[in-house]
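# Examination of the molecular architecture
One letter stands for each residue in the lines below.
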Amino acid sequence: MKGYEVISSLQDHIGENDLIVSSNGNISREVYHYLAKPQVYLRGSMGLPIGVGLGLAVMNPEKRVTVITGDGNLLMGFGSVITAAYYKPHNLKILILDNSQYFTTGGQQTVSSVINFSKFLESLNIDYFQSLKASQSILNDNLENFLTTKGLNILHLIIEEGKKELANIPWHPIRIAENFLQRFD
Amino acid sequence: MINLDEFVSFIEDNFDLVSGVPCSYFKEFLSYIASQEDKSTIKHLSATREDEAIAIATGAALSKKQPLVYMQNSGLGNIGDALTSLVQLYKLPILILMSYRGLKEDNDFPEHSIMGKINNSFLGSLNLVYWDLNEKDWEVSIQKAITVMDEQSSPVVLMVKKGVLSQ
Ligand SMILES: Cc1ncc(C[n+]2csc(CCOP(=O)(O)OP(=O)(O)O)c2C)c(N)n1
Ligand SMILES: [Mg+2]
């Protein structure tokens, strides 16, 4: 299963109360095209999506914050998983889409495959974690729990490389921020 | 040193979240914040890197909350992309307290010597506006920073020298 298929499966689960932060490159583009707008589409700041989600989550305990991050982004800001796990905001969900690649820049291999995610996530003592290979039945069985279990939840999904041809995000980042900020009027 | 009762109560009145990586120049300030943890209206999150602190602050700013970041100027080397491709690109108001290491009194700390020399040109090339957090008229310098930050919807840096927020 490909990353955009996982992202489009989130459609049915995401509502008014959901704030999404997506990591740069292909993932932000897919989140822009497949999920309700506006969300926080990171264009750059590789390595920082979890930090942004953490700040949103602790400041907005009544909202549900979901970070959708690639493995390259995860690795670049790895300390942020630890920070998130330490503070354990009850409303933060982290979805790792792991294709073992910097897919956006041409599919160069990352080093993510050396991590035993089940053991690593278990060691964080968080409220929910799974490390699975993405498929429709896996999503049917796990997405709801991942999103609705109270606590800091991390779902690591192995995905296949590949994308749909999608247009670039048409909003300048200033507009992304303005539109997102309006949700807090 | 600035009176910490007054300083922290000003911070509590004007900010919702504090995050950063410590410097000994913030020692007393940070232990005061830690001692207030339970009763304080302000959330404090310790960060693993300065760019993570900027990211956490960004999350706050994107939901109309006011963040404050503290870091050593060595951390300036860690936040270039977080500023240029996030905070400045999305135009977010974030106040940064930055300790000014590498001045005369840091003669015995060669690790700060090079950044100390290029501190201002580094800040300048990032188009950051900055001035000192003065011990005497600290409230004026921070109030001015808040005004500029809000007017320009941009980050502002207050440089913190030895003895201003620590003994
Ligand atoms: C600091 C920095 N270094 C490098 C890049 C170039 N870059 C953009 S996207 C990307 C890959 C991100 O990988 P991952 O998070 O795994 O997402 P994927 O592309 O695999 O979906 C890279 C290296 C960048 N934007 N910023
Ligand atoms: Mg990847």
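Up top is the structure.
Presented here is an overview of the structure given in this document.

Thresholds, definitions, all that
- Residues numbered from 1 in each chain as written.
- Chains lettered and ligands numbered in written order.
- Predicted model: local features only at pLDDT ≥ 70, side-chain atom pairs only at ≥ 80, totals over all residues.
- Heavy atoms only, no water.
- Helix = DSSP H or I, 4+ residues; strand = E, 2+ residues; numbered from the N terminus.
- Rg over C-alpha atoms; globule rule 2.2 N^0.38 Å.
- Contact = heavy atoms within 4.5 Å.
- Areas by Shrake-Rupley, 256 points an atom, 1.4 Å probe, with all protein chains shown as cover.
- Lys, Arg positive; Asp, Glu negative; His and termini not counted.
- Charge placed at Lys NZ, Arg CZ, Asp CG, Glu CD.
- 1 Å grid on protein atoms, 1.4 Å probe; cavity = no way out; pocket = protein on both sides within 12 Å on 5 of 7 lines; lining within 4 Å.
- Points joined across faces, edges and corners; volume = space filled by probe spheres on them.
- Nonpolar A, V, L, I, M, F, W, Y, C, P; charged D, E, K, R; others polar.
- Salt bridge = Lys/Arg side-chain N within 4 Å of Asp/Glu carboxyl O.
- Buried < 20%, exposed > 50% of the residue type's maximum accessible area, 1.4 Å probe, protein only.
- Donors = N, O, S within 2.8 Å, 3.2 Å for Na, K, Ca; no water.

The subject of this paragraph is the overall build of chain B. When you go through chain B residue by residue, the secondary structure sums to 6 helices and 6 strands. Secondary structure of chain B in N-to-C order comes out as α-β-α-β-α-β-α-β-α-β-α-β. A compact globule built from 167 residues should have a C-alpha radius of gyration of about 15 Å, and chain B, at 15 Å, falls within 12% of that. Judged by the C-alpha coordinates and their principal axes, chain B covers about 40 × 35 × 30 Å. The long-range share in chain B, meaning contacts at least 24 apart out of those at least 6 apart in sequence, stands at 83%. As displayed, chain B has an accessible area near 7100 Å², and 49% of this comes from carbon and sulfur atoms. Each charge class in chain B can be summarised by its mean position, and for the 14 positive and 22 negative side chains these summaries are 3 Å apart.

Here the idea is plain: a probe the size of a water molecule rolls over the atoms and shows the empty space left. Inspection of the entire model under this criterion finds 1 cavity of 30 Å³ or more. Computed from the structure, the largest cavity encloses a volume of approximately 50 Å³. Along its surface, the largest cavity is lined by A:Gly47, A:Leu48, A:Met76, A:Gly77, A:Phe78, A:Gly79, A:Ser80, B:Thr48, B:Arg49, B:Asp51 and B:Glu52. A per-class count over the lining of the largest cavity returns 3 nonpolar, 5 polar and 3 charged.

Glancing now at the pattern of salt bridges. Residue and element names in this part refer to chain B. What the rule picks out here adds up to 6 salt bridges over all chains. Where Lys161 meets Asp132, a salt bridge forms, and the shortest distance between an N and an O atom there is 2.8 Å. Here Lys161 is found in the segment after strand S6 (156-160), whereas its partner Asp132 is found in strand S5 (residues 129-132), with 29 residues between them in sequence. For Asp132, a relative accessible area of 26% puts it in the partly exposed group.

What follows is about the layout of surface pockets. Its volume calculated, the largest pocket comes out at about 310 Å³. Along the walls of the largest pocket sit 23 residues, with A:Asn24, A:Gln101, A:Tyr102, A:Phe103 and A:Thr104 positioned nearest its centre. Mapped onto the lining of the largest pocket, the elements with two or more residues apiece are helix H2 (26-34), helix H4 (71-76) and strand S5 (101-102) of chain A. Along the lines of polarity and charge, the residues of the lining of the largest pocket split into 6 nonpolar, 13 polar and 4 charged. What lines the second largest pocket is simply A:Ala57, A:Val58, A:Pro61, A:Tyr87, A:Pro89, A:His90, A:Asn91, B:Glu37, B:Lys43, B:His44 and B:Leu45. Of all the secondary structure elements, the ones that give two or more residues to the lining of the second largest pocket are helix H3 (49-59) of chain A together with strand S2 (43-46) of chain B. Take the lining of the second largest pocket: its biggest share by element is 3 residues, from S2(B). In terms of residue class, the lining of the second largest pocket is made up of 6 nonpolar, 3 polar and 2 charged.

Another point: the environment of A:Ile169. Residue and element names in this part refer to chain A. Within the element layout of this structure, Ile169 appears in the loop between strand S8 (153-158) and helix H8 (173-181). Along the chain, Ile169 and Ile20 lie 149 residues apart, while their C-alpha atoms are 15 Å from each other. For Ile169, the residues in contact, after removing those within four places along its chain, are Ser28, Arg29, Tyr32, Tyr41, Arg43 and Ile176.

Here the focus is the coordination of the magnesium ion (ligand 2). Residue and element names in this part refer to chain A. Within the protein, the magnesium ion (ligand 2) binds to Asp71 (OD), Asn99 (OD1) and Gln101 (O); these donor distances fall in the range 2.1 Å. Binding-site remark: the magnesium ion (ligand 2) is held by donors from one chain whose sequence spacing is D-x27-N-x1-Q. The pair formed by Asn99 and Gln101 is uniform in burial state, with each residue classed as buried.

Limitation: the analysis is restricted to geometry and does not speak to function.
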